[in-house]
Amino acid sequence: MSRSPARSRRATGWWSAVAEPVIELAEVCREFPAQPPVRALDRVTLRVDRGDYLAVAGPSGSGKSTLLNVLGLLDRPSSGSYRLDGTETTALRDGARTRLRGDRIGFVFQSFHLLPHRSVVENVMLAEVYRGRKKAGIKPADSGGAAVGLRAVKQGRGGRRARAKAALERVGVAHRAGFLPGLLSGGERQRAAIARALMGEPSLLLCDEPTGNLDSRNTEAVLGLFDELRGQGLTIVVITHEREVGARAERRVRITDGVLVEED
Ligand SMILES: Nc1ncnc2c1ncn2[C@@H]1O[C@H](COP(=O)(O)OP(=O)(O)OP(=O)(O)O)[C@@H](O)[C@H]1O
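All of these numbers come straight from a predicted model, not from anything done at the bench. (Residues numbered from 1 in each chain as written. Predicted model: local features only at pLDDT ≥ 70, side-chain atom pairs only at ≥ 80, totals over all residues. Heavy atoms only, no water.)

**Some points on the overall build of the protein chain**
In plain terms, the rule: The helix and strand labels rest on DSSP assignments: H or I over at least four residues marks a helix, E over at least two residues marks a strand, and numbering proceeds from the N terminus. Only heavy atoms enter the contact rule, under which two residues are in contact if any of them lie within 4.5 Å. The Shrake-Rupley method, run with a 1.4 Å probe, gives the accessible areas here. Residue values count only the displayed protein chains as cover.
When you go through the protein chain residue by residue, the secondary structure sums to nine helices and ten strands. Within the protein chain, contacts between residues separated by at least 24 positions form 73% of all contacts whose residues are at least 6 apart in sequence. Total accessible area on the protein chain stands at roughly 12100 Å², and carbon and sulfur atoms take up 52% of it.

This is the structure:
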């Protein structure tokens, strides 16, 4: 589906004057070999603009994880086109896909995947190691917020710590930087995991049931954070079974048997 620039201007922020596509899926199919073959995504067409906040719902087995894997460049469509930030991804080699993923996409999962014996700030710092951004001379994508200056980047490991602290600041848990994850509440842990996802200033945050392990108060804190991040120009896609999470999103789509339909 294509969306008018006017519709995207509902979001606020300097970046929203012109709608700028981050995700463009066109007629994407993903089939898995089986007898008969499973069509987990069936001609999915979807455009998500910079600063959009999209919730994806659907019954078990409908194709949500497959969609997330395709959007996250963890899996390739069997056919169709996927442009991410203007780059056609389907024909890219594995190395280029990995680099694009590391530069542009942050992932948030239901279970926070924080290393229990590393402090919160070290967990966030590790994101850069895994992203292969150790040298980190790369200019962050222009999503505003906690971009740290070149001086910090040049400080090597110290720069990484400064960037991690800035990311923790951005999500409101800088005061827990030196703690082990086990001492944090569920909501604080998820915010730390979001800080880790924000390292490298991605343009797209892909979230799989991000509030599935949280009580209502912590869910509210994470949803408030998503609102803020979106206001800073981050694009957020959330897979969720939870009605209240879907209700907070600007747009909702539902997948049934691999077919994606936009809801009102
Ligand atoms: N690697 C695979 N090989 C074969 N079939 C697969 C594979 N991955 C997914 N499928 C099938 O594709 C369909 C969509 O699966 P998917 O995991 O995307 O659903 P989902 O909506 O995320 O489900 P859930 O909410 O239960 O996690 C299902 O029928 C599933 O069995």
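**Concerning the pattern of salt bridges**
As a reminder, the rule being used: In the sections that follow, a salt bridge refers to a side-chain nitrogen of Lys or Arg positioned within 4 Å of a carboxyl oxygen of Asp or Glu.
On inspection of all chains with the given rule, the structure shows 19 salt bridges. Where R248 meets E220, a salt bridge forms, and the shortest distance between an N and an O atom there is 2.9 Å. With R248 in helix α9 (residues 243-248) and E220 in helix α8 (residues 216-231), this pair connects stretches of sequence that are 28 residues apart. Salt-bridge contacts for E250 lead to R230; the nearest nitrogen and oxygen are separated by 3.9 Å.

**What to know about the site of the ligand**
We apply this condition: By convention in these notes, a residue is near a molecule or strand provided one of its non-hydrogen atoms lies within 4 Å of it. Residues adjacent in sequence count toward polar contacts only when both atoms are side-chain atoms; beyond that, a polar contact is any pair of N or O atoms within 3.5 Å, and within protein one must be able to donate a hydrogen and the other to accept it. Any residue outside Ala, Val, Leu, Ile, Met, Phe, Trp, Tyr, Cys, Pro, Asp, Glu, Lys and Arg is labelled polar, Gly included; the first ten of those are nonpolar and the last four are charged.
Contacts to the ligand come from F32, V38, A40, P59, S60, G61, S62, G63, K64, S65 and T66. A distance of 3.0 Å is found between an oxygen atom of the ligand and a backbone nitrogen or oxygen belonging to G63. Within the residue set of the shell around the ligand, elements represented by two or more residues are β2 (38-49) and α2 (64-71). The biggest single contributor to the shell around the ligand is α2, with three residues. For the shell around the ligand, the class distribution of residues is four nonpolar, six polar and one charged.

**Observations concerning the sheet that holds strand β9 (residues 251-256)**
Here is the rule: Note on pairing: DSSP must find at least two bridges between two strands before they are called paired. To obtain an axis, a line is fitted to C-alpha atoms, over the contacting stretch when the element is a helix, and the angle between two such axes runs from 0 to 180 degrees between their N-to-C directions.
Strand order in the open sheet made by the six strands is β6-β7-β8-β3-β9-β10, with mixed pairing throughout. In the strand order of this sheet, the two ends are held by β6 (105-109) and β10 (259-262), each with one partner. Within this sheet the neighbouring strands show an average axis-to-axis angle of 20°, counted without direction. The pairing of strand β7 (residues 204-208) with strand β8 (residues 235-239) spans five bridges and is parallel. Among the inter-strand pairings, D208 is bridged to a residue of β8, identified as I239. Contacts from helix α7 (residues 186-198) reach β6 and β7 within the one sheet, and its direction differs from that of β6 by about 160°.

**Some details on the environment of G72**
Selection criterion: Each residue is placed in one exposure class: buried if its accessible area under a 1.4 Å probe, protein chains only, is under 20% of its type's maximum, exposed if it is over 50%, and partly exposed if it falls in between.
Structurally, the position occupied by G72 is in the loop between α2 and β4 (79-84). Residue classification places G72 among the buried residues on the basis of a relative accessible area of 0%. Between the alpha carbons of G72 and R160 there is a distance of 24 Å; along the sequence they are 88 residues apart. Every residue in contact with G72, bar those within four places of it in the chain, is listed here: R101, I105, F107 and L206.

**Describing the nonpolar core**
Selection criterion: Take the buried Ala, Val, Leu, Ile, Met, Phe, Trp, Tyr and Cys residues and link them wherever side-chain atoms come within 4.5 Å; each set so joined is a nonpolar core.
If you look at the biggest cluster of nonpolar residues, it comprises 37 residues, and the most contacted ones within it are L168, I194, L205, F226, L229 and I236. Of all elements in the fold, only β3 (53-57), α4 (120-131), α6 (157-170), α7, β7, α8 and β8 reach the threshold of two or more residues within this core. Counting residues per element, this core draws most heavily on α7, at six residues. With 27 residues, the next largest nonpolar core counts I23, L41, V48 and V253 among its residues.

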